[in-house]
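Secondary and tertiary structure notes
Each chain is listed here by its residues.
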Amino acid sequence: PRGLPLDTALRERAFKVVPGGMWGHMNARNLPAGYPQFFTEASGARLRDADGNEYLDFMCGYGPMILGYGDPEVDEAARAQRARMDIANGPAEVMVELAETMVATIPAADWAMFAKNGTDATTACVMIARAHAGRRKILVAKGAYHGAAPWCTPWPGGTTAEDRAHLIHYRYNDVASLEAAVAEAGDDLAGILASAFRHDARIDQEMPAPEFACAARALADRHDAALIIDEVRAGFRIDLRGSWEPLGVRPDLSAWSKALGNGYPIAAVTGADTMREAARKIFVTGSFWCSAVPMAAALATLRKLHRIDAVAHMKRLGLMLREGIQAQADALGVGLRQSGPAQLPLILFDDDPVFEKGNLFTVTALQHGVYLHPWHDMFLSAAHTEDDIAIALEATGRALEAVAQTLP
Ligand code: PMP
């Protein structure tokens, strides 16, 4: 890997004053050597690292940048709101406007409330489901990520068994295992939580099977429990109306964040009328949850996503990328799997248990100026262009040649 002297120096400084130098999902030590930790500039679909290297980016900040970094329309809406007010003793009118827009956009939503992070939203959904039912058990798919609170964080450090005592696990897309989990919950079932699609790290992605989505809806109805969809990662990239809307399955509660504000910090819970009273009864809040600037940004984001039909654009470009990579891999005889929706690509290699091929592929692409991820789903944005896909395919072509030559 190439040297990143300024990045290395920053990492050394960080190591002294930040535990481990970095925490969580953005710790670059999760990535192959050669990936930068620090960035200095971001614009459209491009990033610049601390050493001045430019990348065409396919991570979008792990999701938020659905219109691209620094979208001028969103930034202008945020600037105009900031000039009036951001934090005050209560929210601004824009909160009502944003809630009205979400209710108008999302057929399953009769109301919305706002927070900062995806974890706030998934946690509030779980609390609302329990408050509504007056019961405790929440069904969660094995291996699914729903945030970093003690009830759901993937590493057990610092949590207690009691934090997860009322979770019951099922297998995503497996109706029989969902039924078994419902049976295990008995008369204590409060909610069924499911990701918009199966996007667990390091394994092939799966769209929700229609029979699974329908079974989840029917089981929740039969037991007067809440069906909760975690839209934090997929939201607004599959379907602006909600990711399960094409399946004709409407959740009682949905958790949103990431793409909602195109990078401005905001999360939302939306829900059906049946959940309104429970949502009113719980106490959730935060010093910054009413901040008006991200709400103005979210409103501008939703309006632009609609206007430019961003979902269709991301799908089309995602498919171009997917088909291009498949053709390159076939020509070289490299076995790989591209799973899930094309606008949230994941590329995993056959016979690659420790991601040796994936790491070589992504590091080589990085050296050719394209930032991919070896085992986490990636993200298209409305800022990506056909030219960008052509540039990306140049890099993936080189990267696949490296895999074919080095790890045949
Ligand atoms: N749910 C899903 C599906 C996510 O992808 C994430 C974030 N990666 C979260 C919840 C948690 O969101 P946040 O990191 O904003 O708390």
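Predicted model, so just to flag it, every value in this text is computed and none were measured. (Residues numbered from 1 in each chain as written. Predicted model: local features only at pLDDT ≥ 70, side-chain atom pairs only at ≥ 80, totals over all residues. Heavy atoms only, no water.)

1. Looking at the packing of helix α10 (residues 356-367) against helix α11 (residues 386-406)
- Two numbers describe how α10 lies on α11: the axes approach to 8 Å, and their chain directions differ by 140 degrees. The angle between α10 and α11 falls in the class oblique. Our pair here, α10 against α11, has a crossing hand that is right-handed. Touching Lys357, Leu360, Phe361, Thr364 and Ala365 of α10 are Ala395, Thr396, Arg398, Ala399, Leu400, Ala402, Val403 and Thr406, all from α11.
- Per-class residue counts for the contact of α10 with α11 are 8 nonpolar, 3 polar and 2 charged. (Axes fitted to C-alpha atoms, helices over the stretch in contact; angles between N-to-C directions. Helix = DSSP H or I, 4+ residues; strand = E, 2+ residues; numbered from the N terminus. Parallel < 35°, antiparallel > 145°, perpendicular 65-115°, else oblique. Left-handed = near helix turned anticlockwise from the far one by under 90°. Contact = heavy atoms within 4.5 Å. Nonpolar A, V, L, I, M, F, W, Y, C, P; charged D, E, K, R; others polar.)

2. A few points about the site of the ligand
- Near the ligand the following residues occur: Asn117, Gly118, Thr119, Tyr145, His146, Gly147, His199, Asp230, Val232, Arg233 and Lys258.
- Measuring from an oxygen atom of the ligand, one finds a side-chain N or O atom of Thr119 at 2.5 Å.
- Tyr145 places a main-chain nitrogen or oxygen 3.5 Å from a nitrogen atom of the ligand.
- Here the ligand has 390 Å² of accessible area as a free molecule, and 88% of this is covered by the chains.
- Looking at the shell around the ligand residue by residue, the classes come out as 2 nonpolar, 6 polar and 3 charged. (Near = heavy atom within 4 Å. Polar contact = N/O pair within 3.5 Å; in protein donor to acceptor, adjacent residues only side chain to side chain. Areas by Shrake-Rupley, 256 points an atom, 1.4 Å probe, with all protein chains shown as cover.)

3. Overview of the pattern of salt bridges
- In the structure shown here, the tally under the stated rule is 23 salt bridges.
- Glu54 is the partner of Arg48 in a salt bridge, and the nearest nitrogen-oxygen pair spans 3.4 Å.
- On the accessibility criterion, Glu54 (44% relative accessible area) is partly exposed.
- Arg307 is the salt-bridge partner of Glu73, the closest N and O atoms lying 2.8 Å from each other. Placement of the pair is Glu73 in helix α2 (residues 72-84) and Arg307 in helix α8 (residues 292-307), with a sequence separation of 234 residues.
- Among the ionic contacts, a cluster of salt bridges with common partners joins Asp71, Glu73, Lys304 and Arg307. (Salt bridge = Lys/Arg side-chain N within 4 Å of Asp/Glu carboxyl O. Buried < 20%, exposed > 50% of the residue type's maximum accessible area, 1.4 Å probe, protein only.)

4. Brief notes about the domain arrangement of the protein chain
- For the protein chain, the domain assignment lists domain 1 (5-69 + 309-406) and domain 2 (72-307).
- Counting each side, the surface lost to burial between domain 1 and domain 2 is near 2,200 Å², with a carbon and sulfur contribution of 60%.
- On the domain 1 side of the interface with domain 2, the three residues burying the most area are Ile66, Leu67 and Trp375, jointly 25% of the side's total.
- Here domain 1 is connected to domain 2 by 2 salt bridges.
- Residue Arg233 pairs with Asp377 through a salt bridge whose shortest N-O separation is 2.7 Å.
- Seen at the junction of domain 1 and domain 2, the total is 15 residue pairs in polar contact (both at pLDDT 80 or more). (Domains from an automatic or database assignment. Buried area = accessible area lost by both parts, 1.4 Å probe.)

5. Structural notes on the sheet that holds strand β1 (residues 39-43)
- Within the open sheet, the 4 strands sit side by side as β1-β2-β3-β13. Their pairing is mixed. Strands with a single pairing partner mark the edges of an open sheet, and in this sheet they are β1 and β13 (370-371).
- In this structure, β1 lies alongside strand β2 (residues 46-49), joined through 4 bridges in antiparallel fashion. Its bridge partner being in β2, Ala42 is matched across the sheet by Leu47. (Pairing = 2+ DSSP bridges.)

6. What to know about the side chain of Gln37
- Here Gln37 lies in the loop between α1 (5-17) and β1.
- Only 2.8 Å separates the side chain of Gln37 from the backbone oxygen of Met26, close enough to count as a polar contact.
- Ignoring sequence-local partners within four residues, the contact set of Gln37 consists of Asp7, Arg11, Met22, Met26, Asn27 and Ala28.

7. Focus: the packing of helix α3 (residues 93-105) against α8
- Where α3 meets α8, the axes come as close as 9 Å, and the angle between the chain directions of the two elements is 30 degrees. Compared by their axis directions, α3 and α8 come out roughly parallel. For the pair α3 and α8, the crossing hand works out as left-handed. Residues Val94, Met95, Glu97, Leu98, Thr101, Met102 and Thr105 of α3 form the contact with α8, whose own contacting residues are Ala292, Met295, Ala296, Ala298, Leu299, Leu302, Arg303 and His306.

8. A look at α3
- Helix length check: α3, at 13 residues, gives a terminal C-alpha distance of 19 Å against a target of 18 Å (1.5 Å per residue), a fit within 8%.
- Of all the positions in α3, only Val94, Leu98, Ala99, Thr101, Met102 and Thr105 are classed as buried. Along the long axis of α3, the arc covered by the buried residues comes to 160 degrees, so they all point the same way. Residues of α3 that are exposed and angled more than 90 degrees away from the buried face: Glu93, Glu100 and Ala104.
- In this structure, the buried side of α3 is in contact with α2, β4 (111-115), β9 (253-256), β10 (267-271) and α8. (Expected span 1.5 Å × (residues − 1). Arc of directions from axis to C-beta.)

9. Topic: the nonpolar core
- Core analysis: the largest hydrophobic core is formed by 102 residues, its most contacted members being Phe58, Leu98, Met102, Phe114, Leu139, Phe236 and Trp244.
- For this core, the element with the highest residue contribution is α8, accounting for 10 residues.
- Here this core spans two domains, and each of domain 1 (5-69 + 309-406) and domain 2 (72-307) adds at least three residues to it.
- Beyond its immediate sequence surroundings of up to four residues, Phe236 is in contact with Ile66, Met102, Trp256, Ala259, Leu260, Leu302, Leu305, Val311 and Met314. (Core = buried A, V, L, I, M, F, W, Y, C linked by side-chain atoms within 4.5 Å.)

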